[in-house]
Amino acid sequence: MTSRHTTQTAPQNPPAFRLPDIPEKHPDDRTSSKQLAKGGNQGRLESHLGNPEITIVSGERYICAVPGGPIRYPDLLVAFDADPELYEANNGYVVSLQGKPPELVLEIASRHTAHIDVEVKPNFYASLGVQEYWRFDETGEFHGARLAGDRLVDGQYHPIVVDELPDGELRGYSETLGLYFCWRQGRLDWYDPNTEDYIPNQETERQRADAERQRADTERQLREEERQRADARIRELEARLANGEAGA
């Protein structure tokens, strides 16, 4: 009599829903890389906001309301109190799985997609509940404005005031980030009203680090000079005492 042994395997979790990669971009549509990746702006903003365990600062991945729903991809997305690991597993942002919409999206104008940024995406992002929708256009040729932002109120986007400074810089305040979006001679930037300066980039960070090292070196030099003066005073006092004892 023979017996048959069966091997039971433990049930495994189903694979996570995964959004597709975005399509290859047209050469004319690489303005987002110029303004975000090459300029280090995405990294600057990510570093400034901090809390990488619960903050997503990313872009050029799809976003949708639910798995299988309509999808779009922003050039930049910011989400607080979110799950970055889930974002990676899903290869994008799924509102129903994250449990909340992202707080902000940004689109960089390009010749082939600008009309979608202006005519289509506002309704899509509003339907997801994205609180702020920003648009940046290096020349103003494609979006019709060099810098524009909308804030969601009662399910509808309303324009955010953008001011022009005397030097031509444009600024609009983001309540979500606590920063001003800036158009500076065709470059994207962020201004922090708390520090009254632009958020640090690699060059300013290097300069600050150099200044801090120089300050520390100066303090060490001053301490060493003070120690030497103190030693000289002690030696002088000892010499006087020795001369006094000898004269006695």
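J.: Before we move on, can you summarise the overall build of the protein chain with the specific residues and values?
T.: Tallying secondary structure elements over the protein chain gives seven helices and 14 strands in all. Counting every position in the protein chain, which comprises 248 residues, the buried fraction comes to 37%. As displayed, the protein chain has an accessible area near 15,300 Å², and 49% of this comes from carbon and sulfur atoms.

J.: Can you break down the side chain of Gln 35 residue by residue, with the values?
T.: When you line up the elements, Gln 35 lands in helix α1 (residues 31-37). Exposure remark for Gln 35: the relative accessible area of 5% places this residue in the buried category. At a separation of 3.0 Å, a polar atom in the side chain of Gln 35 contacts the main-chain amide nitrogen of Leu 188. Ignoring sequence-local partners within four residues, the contact set of Gln 35 consists of Asn 41, Ile 108, Phe 136, Glu 138, Gly 186, Arg 187 and Leu 188.

J.: I'd like to hear about the nonpolar core, residue by residue, with values.
T.: Proteins that are soluble and globular tend to have nonpolar side chains buried together. Counting residues in each nonpolar core, the largest one holds 21 residues, and the members touching the most others are Leu 45, Leu 106, Leu 177, Phe 181, Leu 188 and Trp 190. When residues of this core are traced back to their parent elements, those giving at least two are α2 (41-49), β4 (76-79), β6 (104-108), β7 (132-136), β12 (179-184) and β13 (187-192). Apart from the residues lying within four places of it in its own chain, the contact partners of Phe 181 are Leu 104, Leu 106, Trp 134, Leu 147, Leu 170, Arg 171, Gly 172, Ser 174, Leu 188, Asp 189 and Trp 190. Grouped together as the second largest cluster of nonpolar side chains are 17 residues, Ile 63, Ala 82, Tyr 93 and Leu 128 included.

J.: So what's going on with the sheet that holds β4? Residues and values would help.
T.: Strand order across the open sheet formed by six strands is β1-β4-β6-β7-β8-β9, with mixed pairing between neighbours. In this open sheet, the two strands that pair with only one neighbour each are β1 (56-58) and β9 (156-159). The mean inter-strand angle of the sheet, taken between neighbouring strand axes irrespective of direction, is 15°. As paired strands, β6 and β7 are joined by five bridges and run parallel to one another. By the bridge assignment, Leu 106 is partnered in β7 with Trp 134.

J.: If you had to explain helix α6 (residues 121-128) to someone new, which residues and values would you point to?
T.: For α6, the tally of buried residues reaches six of eight residues, placing the bulk of the element in the interior. Among all positions of α6, only Lys 121, Pro 122, Phe 124, Tyr 125, Ala 126 and Leu 128 are buried. Looking at the residues trailing α6, positive phi occurs at Gly 129, about 95°.

J.: Run through the confidence of the model for the protein chain, naming residues and quoting values.
T.: With 84% of its residues at a pLDDT of at least 70, the protein chain reaches an overall mean of 87. This model gives residues 1-11 a pLDDT under 50, and the stretch forms zero contacts once residues within four places in sequence are excluded.

J.: Before we move on, could you go through α2 and cite the residues and values that matter?
T.: The complete set of buried residues in α2 reads Asn 41, Arg 44, Leu 45 and Leu 49. With its buried residues spanning 120° around the axis, α2 presents them on a single face. Gly 50 occupies a position one or two residues after α2 and carries a positive phi of about 70°.

J.: Could you give an account of the pattern of salt bridges, naming the residues involved and the relevant values?
T.: Summed over the entire model, instances satisfying the criterion amount to 16 salt bridges. Here Glu 132 makes a salt bridge to Arg 151, at a shortest N to O gap of 3.5 Å. Here Glu 132, found in strand β7, pairs with Arg 151, found in strand β8 (residues 147-153); they are 19 residues apart in sequence, far enough to count as distant. The exposure class assigned to Glu 132 is buried, which follows from its relative accessible area of 1%. A salt bridge links Arg 135 to Asp 150; the nearest nitrogen and oxygen atoms lie 3.0 Å apart. Highlighted residues: Arg 135 in strand β7 and Asp 150 in strand β8, separated in sequence by 15 residues. The two residues Arg 135 and Asp 150 agree in class, both being buried. Because the salt bridges share partners, they merge into one network encompassing Arg 44, Glu 169, Arg 171, Arg 184 and Asp 189.

Parameters and conventions
Residues numbered from 1 in each chain as written. Predicted model: local features only at pLDDT ≥ 70, side-chain atom pairs only at ≥ 80, totals over all residues. Heavy atoms only, no water. Helix = DSSP H or I, 4+ residues; strand = E, 2+ residues; numbered from the N terminus. Buried < 20%, exposed > 50% of the residue type's maximum accessible area, 1.4 Å probe, protein only. Areas by Shrake-Rupley, 256 points an atom, 1.4 Å probe, with all protein chains shown as cover. Polar contact = N/O pair within 3.5 Å; in protein donor to acceptor, adjacent residues only side chain to side chain. Contact = heavy atoms within 4.5 Å. Core = buried A, V, L, I, M, F, W, Y, C linked by side-chain atoms within 4.5 Å. Pairing = 2+ DSSP bridges. Axes fitted to C-alpha atoms, helices over the stretch in contact; angles between N-to-C directions. pLDDT = per-residue confidence, 0-100. Arc of directions from axis to C-beta. Salt bridge = Lys/Arg side-chain N within 4 Å of Asp/Glu carboxyl O.

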